[in-house]
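Structure assessment
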Amino acid sequence: MIIPSIDLSDGKAVQLRQGREKALERDDPIALAREFDRYGEVAVIDLDAAFGTGDNEPLVRQLCAVADCRVGGGVRSVEKAVRTIGAGAGKVIVGTRAFTSTGVDEAFLRELAHAVGREKVIVAIDAYKGEVVTKGWRHRTGLSVVEVIEPLQAYAGELLFTCVEHEGLMQGTDFDLIREVVGRAHIPVTVAGGIASPDEVARISTLNAHVQLGMAIYTGTMSLPVAFSAAVNWSSGLVPTIACDQSGQVLMLAYSSRESLERTFATGNACYFSRSRQEIWMKGESSGNVQRLLRARMDCDRDALLFTVAQHAVACHTGNYSCFGGRRFSLEELQEVVLSRLANPMPGSYTAGLSDAEVRAKLLEEVGEVVDAETRDEIVWEAADVLYFLTVLLAREKVSLEEVFRELRRRRFSGRRPAKRDKGN
């Protein structure tokens, strides 16, 4: 997997050399997160929190609302980790706090894993010539990288290994040490530090490690489409590619070649390789039923792809929505219909004819009727009304269901609702 990184300082995306010297600055971290999300999870590091000069927590929450983020920087307590997950982060990255002067802080990590779930904990191992360094890479611990791997694995779902001496220099990395780290770990490892070419991405990926990229993509030394393609296992020439819609319904199975994947990223429309015709084809090229790519992911073995797409009309040549049957009803489909009615009002359309005041009044009315319902059938009937009018209200306010689902997911894993003062932020 390719993991683009966004390092935050004073509300901007920055890149540092050796963790100190600012090399570049971008003032559009939210736009970057939206773009990076097409290629993989996004690593968000709050440098201000890490250096103790402030924090970017409101911005982190915004980034987590538009992309799948793993978040670190200044996570030195269980409370901060819980708050980070509560902000919408899928995983939390801890570095300095995971170590003591003599080894791994197992008591802290045990409490952390219990609080947020071991699978959501990533421990960052920053190493200078094989020695673990902490406190912004300024403190040498005397611990070797290889000796901390085993105790860390009991409390973490993943390791983030950075070759500090190569970080930000784009001059290659320490492949011998990376090979040893990955070989000793029985949990996923993400590698960062100095990676600057597709060949390096491919070499690390062949070890079944993830690749985190920063300076190389910001400077244009390597593009994310090229990096993504380099990480894929092309040993069979073609890789099976599943296309699904935003609700998760599988649309079709096709095959991708290097060239078709490159064309997909270049055009923004899903392209595949036809085994029968031995040529690249764009979905919807003749029918108009194109698939706009939203994000691409590879499986754990890197030999299969998953495209999440916005499907225009139907996916199957038979006229079915999916090659596996008709469209499954979902709230996403309902919202699409409502948005269509509002954008292109049809004579006699009940949805288009509702005023904003009527929608809100009906929603209040239907919620009351659900509460007052006495039978199971009544509850089902009234709940359907609530979902319908709520969907219309969301569409009018230009709030997507994905935003609502992200908030529900955030609450599930944080275990609490936001305080009232957070509403509207």
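Up top is the structure these notes are about.
What comes next concerns the included structure. Just so it is clear, the structure is predicted and the values come from calculations on it, not from any experiment.

1. What about the overall build of the protein?
- For the protein, the helix and strand inventory stands at 16 helices and 18 strands.
- Taking 425 residues into account, the globule formula puts the C-alpha radius of gyration at 22 Å, and the protein, at 24 Å, falls close to it.
- Dimensions along the principal axes, computed over C-alpha positions, put the protein at roughly 75 × 60 × 40 Å.
- Across the 425 residues of the protein, 51% fall into the buried class.
- Across the protein, the fraction of contacts at a sequence separation of at least 24, relative to all contacts at a separation of at least 6, is 62%.
- In the structure as shown, the protein presents an accessible area of about 20400 Å², 51% of it carried by carbon and sulfur atoms.
- Separation between the mean location of the 51 positive side-chain charges and that of the 58 negative ones in the protein comes to 2 Å.

2. Description of the pattern of salt bridges
- For the structure on display, the rule yields 27 salt bridges.
- One salt bridge connects Glu 180 with Arg 184, and the closest N-O pair in it is separated by 3.4 Å. One end of the pair, Glu 180, and the other, Arg 184, are both in helix 7 (residues 175-184), four residues apart, so they sit about a helical turn from each other.
- A salt bridge links Lys 362 to Glu 365, with the shortest nitrogen-to-oxygen separation between them at 3.5 Å. Residue Lys 362 and its partner Glu 365 are located together in helix 14 (residues 356-372), separated by three residues, close to a single helical turn.

3. Let's talk about the nonpolar core
- By size, the foremost hydrophobic cluster in this structure holds 93 residues, and its most contacted members are Phe 99, Leu 109, Val 123, Ile 125, Phe 161 and Phe 228.
- Contacts of Leu 109, omitting those with residues within four sequence positions, involve Val 94, Ala 98, Val 104, Val 123, Leu 152 and Tyr 155.
- Counting 11 residues, the second-largest nonpolar core is a separate cluster that includes Val 338, Leu 363, Tyr 388 and Ala 395.

4. Description of unusual backbone geometry
- At Asp 10, a position not held by glycine, the phi torsion is positive, near 55°.
- Its identity as a non-glycine residue notwithstanding, Lys 129 has a phi of 50°, on the positive side.

5. Structural notes on the side chain of Thr 391
- Secondary-structure assignment places Thr 391 in helix 15 (residues 376-396).
- According to the relative accessible area criterion, Thr 391 is buried, its value standing at 3%.
- Look past the residues within four positions of Thr 391 in its chain and what remains in contact with it is Leu 334, Gln 335 and Val 338.

6. As for the pairing of strand 18 (residues 305-311)
- Where burial is concerned, most of strand 18 is hidden: six out of the seven residues are buried.
- Pairing between strand 13 (residues 239-244) and strand 18: four bridges, direction parallel. Opposite Ala 243, over in strand 18, you have Phe 307 as the bridge partner.
- For strand 17 (residues 291-298) and strand 18, the ladder comprises seven bridges, and the chain directions are antiparallel. By the bridge assignment, Ala 296 is partnered in strand 18 with Phe 307.
- Counting the residues that bridge the hairpin from strand 17 to strand 18 gives six residues, and of these Arg 302 lies at a positive phi of roughly 65°.

7. Let's talk about the environment of Leu 331
- Inspection of the secondary structure puts Leu 331 in helix 12 (residues 331-343).
- Leu 331 has contacts with Leu 401 and Phe 405, leaving out every residue within four places of it along the chain.

Thresholds applied
Residues numbered from 1 in each chain as written. Predicted model: local features only at pLDDT ≥ 70, side-chain atom pairs only at ≥ 80, totals over all residues. Heavy atoms only, no water. Helix = DSSP H or I, 4+ residues; strand = E, 2+ residues; numbered from the N terminus. Rg over C-alpha atoms; globule rule 2.2 N^0.38 Å. Buried < 20%, exposed > 50% of the residue type's maximum accessible area, 1.4 Å probe, protein only. Contact = heavy atoms within 4.5 Å. Areas by Shrake-Rupley, 256 points an atom, 1.4 Å probe, with all protein chains shown as cover. Lys, Arg positive; Asp, Glu negative; His and termini not counted. Charge placed at Lys NZ, Arg CZ, Asp CG, Glu CD. Salt bridge = Lys/Arg side-chain N within 4 Å of Asp/Glu carboxyl O. Core = buried A, V, L, I, M, F, W, Y, C linked by side-chain atoms within 4.5 Å. Pairing = 2+ DSSP bridges.

Note that all results are geometric; they support no functional claim without further evidence.
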